[in-house]
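Here is how the chains run, residue by residue.
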Amino acid sequence: MLYLGEHDIESAVSYQDVMAAIEHAFKIYHGGLYDMPPRMHVNNQENTLLYMPCFTDSMFGTKMLTLFPGNAARHQPVIEGLMLLNDAETGKSLALLNGARLTAIRTGAVGGVAVRHTSPVTAKSAGLIGAGVQGFYQLLFAAKARELEHILIFDTNRQRSITLVESLSLKLPQVRIDAADTVEDLLAASEIVITATSSQQPVLPNCKELLLGRHFVGIGSYKPEMREFPEALYQLLEQVIVDTEHGLHESGDLITPLEQGWIREEQVRTFGDLLVTGDTPKEGETTLFKSVGMALFDLAVGELIYHKALEKGIGQRIDY
């Protein structure tokens, strides 16, 4: 079996490779060519264990993750885990991947693909709320989807914003990157707005004027009690684009607006439908893409990484 650590994963694939794999996963999802049991959540106080299996014709895999929000204060990773890949015909274990790095990359690519298809080609500016590990990858992939010239970052902990500005500047030297003083400043200067927090209250102001005409990508809010977006945003939307229908029952950013009547269920469409039909948002339309993630993303990107690693001779062979 092949073991692929975080550096192996980074070396095996390019950002464009991973976004192509995510687009392929969306098409598989739209066509129903997979078997993806509901992911299992085990909650222990604020901590969560996720168990995420998925099957396709070529391979199956299982990702196991732990999410410990309190680790941020301990200066330890919030997300840890592993991804096991198996041969679809024999069940043979093929590879074991670092689950945290796989999650970061595939989720960043989901956001990048959303930016590519729901924001104008001419977009030059992006803002990020939530300066964690996921925010780093969201902006990296956004910069591969659009030719960004300016990025603003806001976090309630300003030092986290400054740290992310410094680390991201090394990866994107051609882009001006600043820490925003307020969310309002960030909105005023950003065409694309990415939220990547675990907040239980909206992180954006409930003000239509500040939200109008912008393109939102919601990556946080993976539990019913979590929300990142205010009522005013939903009143501006013609449609809400989601990665998967089960998000309607998992994310507070979908559950609450539907329960309160801010949006109707018929306004919700999957990204796979948008991708297959080519029915992209109209010019000037305020857009929202909400992701909760799914095991099919992990399998598609994990399979890509595995094959690229074999081609490049990357990774460590282990007996089990």
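Structure: above.
Here we summarise the structure given alongside this text.

Procedures and definitions
- As a convention, each chain's residues are numbered from 1 in the sequence order in which they are written.
- Local features in this predicted model are restricted to residues whose pLDDT is 70 or higher, and side-chain atom pairs enter the listing and the counts only when it is 80 or higher, whereas totals over whole chains, interfaces and linings include all residues.
- Remark: hydrogens and water are excluded; side-chain values derive from all non-hydrogen atoms of the structure.
- Starting at the N terminus, helices and strands are each numbered in turn, a helix being any DSSP run of H or I of at least four residues and a strand any DSSP run of E of at least two.
- Taken over C-alpha atoms, the radius of gyration is set against a globule rule of 2.2 Å times the number of residues to the power 0.38.
- Any two residues having at least one pair of non-hydrogen atoms within 4.5 Å are treated as being in contact.
- Reported accessibility uses the Shrake-Rupley method at a 1.4 Å probe radius. Residues are deemed covered only where the shown protein chains occlude them.
- Under this rule, positive means Lys or Arg and negative means Asp or Glu; His and the chain ends count for nothing.
- We put the charge of a Lys on NZ, of an Arg on CZ, of an Asp on CG and of a Glu on CD.
- We define a salt bridge as a side-chain nitrogen of Lys or Arg found within 4 Å of a carboxyl oxygen belonging to Asp or Glu.
- Remark: exposure states derive from per-residue accessible area (1.4 Å probe, protein chains only) relative to the maximum for the residue type, with buried under 20%, exposed over 50%, and partly exposed in between.
- Paired strands, in this sense, are two strands between which DSSP finds at least two bridges.
- Note on definitions: angles span 0 to 180 degrees between N-to-C directions of axes, and those axes are lines fitted to C-alpha atoms, for helices only across the stretch in contact.
- Put simply, buried Ala, Val, Leu, Ile, Met, Phe, Trp, Tyr and Cys residues joined by side-chain atoms within 4.5 Å make one nonpolar core.
- The patches reported here contain residues having more than 30% relative accessible area and no salt bridge. Joining distances are 9 Å for like charges and 5 Å for nonpolar side chains (Val, Leu, Ile, Met, Phe, Trp, Tyr).
- Think of a 1 Å grid over just the protein atoms. A cavity is a set of points where a 1.4 Å probe fits yet cannot get out, a pocket is an open set with protein on both sides within 12 Å along at least five of seven lines, and lining residues have an atom within 4 Å of a point.
- Grid points are joined across faces, edges and corners, and a volume is the space filled by probe spheres set on the points.
- Side-chain classes are defined by residue name, with Ala, Val, Leu, Ile, Met, Phe, Trp, Tyr, Cys and Pro counting as nonpolar, Asp, Glu, Lys and Arg as charged, and the others, Gly among them, as polar.
- Multiply 1.5 Å by the residue count of a helix minus one, and that product is the helix's expected span.
- What qualifies as a polar contact is a pair of N or O atoms within 3.5 Å, subject to a donor-acceptor requirement within protein and to the restriction that residues adjacent in sequence count only when both atoms come from side chains.

### Focus: the overall build of the chain
Phase 1: Scanning the chain from terminus to terminus reveals eleven helices and 15 strands.
Phase 2: Against the 2.2 N^0.38 benchmark of 20 Å for 320 residues, the chain shows a C-alpha radius of gyration of 19 Å, consistent with a compact globule.
Phase 3: In the chain, the share of contacts with a sequence separation of at least 24, taken over all contacts with a separation of at least 6, comes to 73%.
Phase 4: Within the structure as shown, the chain displays about 14000 Å² of accessible surface, and the carbon and sulfur contribution to it stands at 51%.
Phase 5: With 26 positive and 40 negative side-chain charges, the chain shows a separation of 3 Å between the mean positions of the two kinds.

### Points about the pattern of salt bridges
Phase 1: Counted by the stated rule, this structure contains 15 salt bridges.
Phase 2: A salt bridge links arginine 160 to aspartate 155; its shortest N-O distance comes to 3.4 Å.
Phase 3: Arginine 160 gets classed as partly exposed once you look at its relative accessible area, which sits at 34%.
Phase 4: A relative accessible area of 10% means that aspartate 155 is categorised as buried.

### Overview of the sheet that holds strand β15 (residues 316-317)
Phase 1: If you trace the seven strands from one edge of the open sheet to the other, you get β2-β3-β4-β5-β6-β1-β15, paired in mixed fashion. The sheet terminates laterally at β2 (40-44) and β15, the two strands that pair on one side only.
Phase 2: Summarising the sheet, strand β4 (residues 59-67) and strand β5 (residues 79-87) pair through nine bridges and their orientation is antiparallel. Its bridge partner being in β5, threonine 62 is matched across the sheet by leucine 84.
Phase 3: Along the sheet, helix α3 (residues 99-118) makes contact with β3 (47-55), β4, β5 and β6 (93-98), crossing β5 at roughly 90°.

### What to know about the nonpolar core
Phase 1: Counting residues in hydrophobic clusters, the biggest one holds 78 residues, and the most contacted among them are Phe26, Ile151, Ile153, Leu168 and Ile305.
Phase 2: Ranked by residue count, the leading element in this core is helix α11 (residues 295-312), at ten residues.
Phase 3: Dropping the residues within four chain positions of it, isoleucine 151 is found in contact with Ala126, Leu139, Leu168, Leu172, Val175, Arg176, Ile177 and Asp178.
Phase 4: In this structure, Leu186, Leu211, Val268 and Leu288 belong to the second largest nonpolar core, which totals 26 residues.

### Some words on a nonpolar patch on the surface
Phase 1: Taken together, Met40, Val42, Leu49, Tyr51, Met64 and Leu82 make up a surface patch of nonpolar side chains, about 480 Å² in accessible area.
Phase 2: Elements with a contribution of two residues or more to the nonpolar patch: β2 and β3.
Phase 3: Structurally, valine 42 can be placed in strand β2.
Phase 4: Assessed through its relative accessible area of 39%, valine 42 is described here as partly exposed.

### Points about the layout of surface pockets
Phase 1: A volume near 150 Å³ is recorded for the second largest pocket.
Phase 2: Lining the second largest pocket are His24, Ile28, Leu33, Thr56, Asp57, Ser58, Leu296, Leu299, Ala300 and Glu303.
Phase 3: Broken down by secondary-structure element, the contributors of at least two residues to the lining of the second largest pocket are α2 (15-31) and α11.
Phase 4: When the residues that make up the lining of the second largest pocket are grouped by side-chain class, the tally is five nonpolar, three polar and two charged.

### Some remarks on α3
Phase 1: Over its 20 residues, α3 runs 28 Å from end to end, which matches the ideal 28 Å to within 8%, given 1.5 Å per residue.
Phase 2: With 17 of 20 residues buried, α3 lies mostly within the body of the structure.
Phase 3: Its side-chain oxygen placed 3.1 Å from the backbone nitrogen of alanine 100, asparagine 98 serves as the N-cap of α3.

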